[in-house]
Amino acid sequence: MRTELVDISATRKEIKIDIDATEVRAEYDRVSNRYMKIAAIPGFRPGRAPSSVVRRHYKNEIRSEVLRELLPQAVAGAIEEHKLNPLAEPDIHLENTDGLEKIGEQPLLIHAQVEVLPEVKLGEYKGIEVTRRTRPIGDEEVDLVVETLRQDSASLRAVEDRGAQLGDTVTTTFHGKFVDPPAAEDINVEDVEVVLGGPHVLPEMTDNLLGVTPDEERSFTLNIRKTSTRVG
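No experiment lies behind these values; they were computed from the predicted model shown. (Residues numbered from 1 in each chain as written. Predicted model: local features only at pLDDT ≥ 70, side-chain atom pairs only at ≥ 80, totals over all residues. Heavy atoms only, no water.)

Taking 1.5 Å per residue as the helical rise, helix H3 (residues 59-81) with its 23 residues ought to reach 33 Å, and the 33 Å between its terminal C-alpha atoms agrees with that figure. Taken as a whole, H3 has its buried residues at Ile62, Arg63, Glu65, Val66, Leu67, Leu70, Leu71, Ala74, Val75, Ala78 and Ile79. (Helix = DSSP H or I, 4+ residues; strand = E, 2+ residues; numbered from the N terminus. Expected span 1.5 Å × (residues − 1). Buried < 20%, exposed > 50% of the residue type's maximum accessible area, 1.4 Å probe, protein only.)

Let us now look at the nonpolar core. Counting 30 residues, the largest nonpolar core has Ile17 and Ile19 as the members making the most contacts within it. At the level of secondary structure, the elements contributing two or more residues to this core comprise strand S2 (12-19), helix H1 (21-38), helix H2 (51-57), H3 and strand S4 (108-115). No other element matches H3, which puts nine residues into this core. Those residues in contact with isoleucine 19 that lie beyond four places of it in its chain are Val24, Leu70, Ala74, Pro107, Leu108 and Ile110. (Core = buried A, V, L, I, M, F, W, Y, C linked by side-chain atoms within 4.5 Å. Contact = heavy atoms within 4.5 Å.)

Relative to the assigned elements, aspartate 7 resides in strand S1 (residues 2-7). In the structure, aspartate 7 is positioned 106 residues away from glutamine 113 in sequence and 9.8 Å away in space, judged by C-alpha atoms. Among the polar contacts listed, one links the side chain of aspartate 7 to the side chain of lysine 13, at a separation of 2.9 Å. (Polar contact = N/O pair within 3.5 Å; in protein donor to acceptor, adjacent residues only side chain to side chain.)

Next up on the list: the packing of H1 against H3. Interaxial distance between H1 and H3 falls to 9 Å at its minimum, and their mutual angle equals 125°. Considering their axes alone, H1 and H3 lie oblique with respect to each other. Where H1 crosses over H3, the two elements pack in a sense that is right-handed. Across the interface between the two elements, Glu23, Val24, Glu27, Tyr28, Arg30, Val31, Ser32, Arg34 and Tyr35 of H1 pack against Glu61, Ile62, Glu65, Val66, Glu69 and Leu70 of H3. When the residues that make up the contact of H1 with H3 are grouped by side-chain class, the tally is seven nonpolar, one polar and seven charged. (Axes fitted to C-alpha atoms, helices over the stretch in contact; angles between N-to-C directions. Parallel < 35°, antiparallel > 145°, perpendicular 65-115°, else oblique. Left-handed = near helix turned anticlockwise from the far one by under 90°. Nonpolar A, V, L, I, M, F, W, Y, C, P; charged D, E, K, R; others polar.)

Spatially, S1-S2-S4-S3 is the arrangement adopted by the four strands of the open sheet, whose pairing is antiparallel. Of all the strands in the sheet, the pair left with one neighbour each is S1 and strand S3 (91-94). Neighbour-to-neighbour, the strand axes of the sheet open up by a mean angle of 20°, direction not taken into account. Here eight bridges tie S2 to S4, and the two strands are oriented antiparallel to one another. Looking at the pairing, aspartate 18 lines up with leucine 109 of S4. In this fold H3 packs onto S1, S2, S3 and S4, with an angle of close to 125° to the strand it touches most, S2. (Pairing = 2+ DSSP bridges.)

This part covers the environment of valine 116. Among the secondary structure elements, valine 116 is positioned in the loop between S4 and helix H5 (139-153). With a relative accessible area of 6%, valine 116 lands in the buried category. In this structure, the C-alpha to C-alpha distance between valine 116 and leucine 87, residues 29 residues apart in sequence, is 5.4 Å. Not counting residues up to four positions away in its chain, the partners in contact with valine 116 are Ala10, Thr11, Arg12, Lys13, Leu84, Asn85, Pro86 and Leu87.

This structure, assessed with the given rule, holds 13 salt bridges. Among the ionic pairs, arginine 30 bridges to glutamate 27, the shortest N-O distance being 2.6 Å. Placement of the pair is arginine 30 and glutamate 27 together in helix H1, with a separation of three residues, close to one helical turn. Given a relative accessible area of 41%, arginine 30 falls into the partly exposed group. The partner of glutamate 141 in a salt bridge is arginine 135, with the nearest N and O atoms 3.9 Å apart. The class of glutamate 141 is partly exposed, set by a relative accessible area of 33%. (Salt bridge = Lys/Arg side-chain N within 4 Å of Asp/Glu carboxyl O.)

This part is about the confidence of the model for the protein. Residues of the protein with pLDDT of at least 70 account for 96%, and the chain-wide mean is 86. Per-element confidence in the protein ranges from a low mean pLDDT of 46 for strand S8 (residues 227-231) to a high of 94 for S2. Across residues 226-230, confidence stays below pLDDT 50; counting only partners more than four residues off in sequence or on other chains, it has 22 contacts. (pLDDT = per-residue confidence, 0-100.)

Set out below in structure tokens:
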């Protein structure tokens, strides 16, 4: 078997494959002999029909099986020979039908197109100098990181010997209703954590919860987006 590699593009290669006539004939004889052993042809006992009769009777079947055996093996061998890494199954085309009509007398010529990854060549990268930019870190940045770590590692601890103070987290349940304008549904939320004085807490909420003690109930009114909400 002879092969030739043709570069169609960086990602597509074509392999021209020439399978020798003797190799084709050997496979043709092997397949024919197998058919002779199992062929059921009228006028002959099973396995007793002459090879010429079997080959004529099963002409298309024998040729198809010869191609199924030879072509994949030839293409796989050519791919390995040229050290290609296909991305998909190759497209295979038989170039000379005469090789089938006069099987064993002429070689089979095959063209197989294969999709491959493009070859990547590294440029000169050793010895390249780069500039590393650094930013000085001041005390404020250090304090901010430390405080963030403290907050992330902090855990809540129950306090029962005093009222709630700024910075405390109060876990509370709210029951209330919209006053102006009234709404159909009341407010009922449970186990809400409120950080007194926190950036996302309304000042009125903080003012009304300062000094609160466990199990204490309070009633107050909050103005939320120009809507009066009574919470108690």
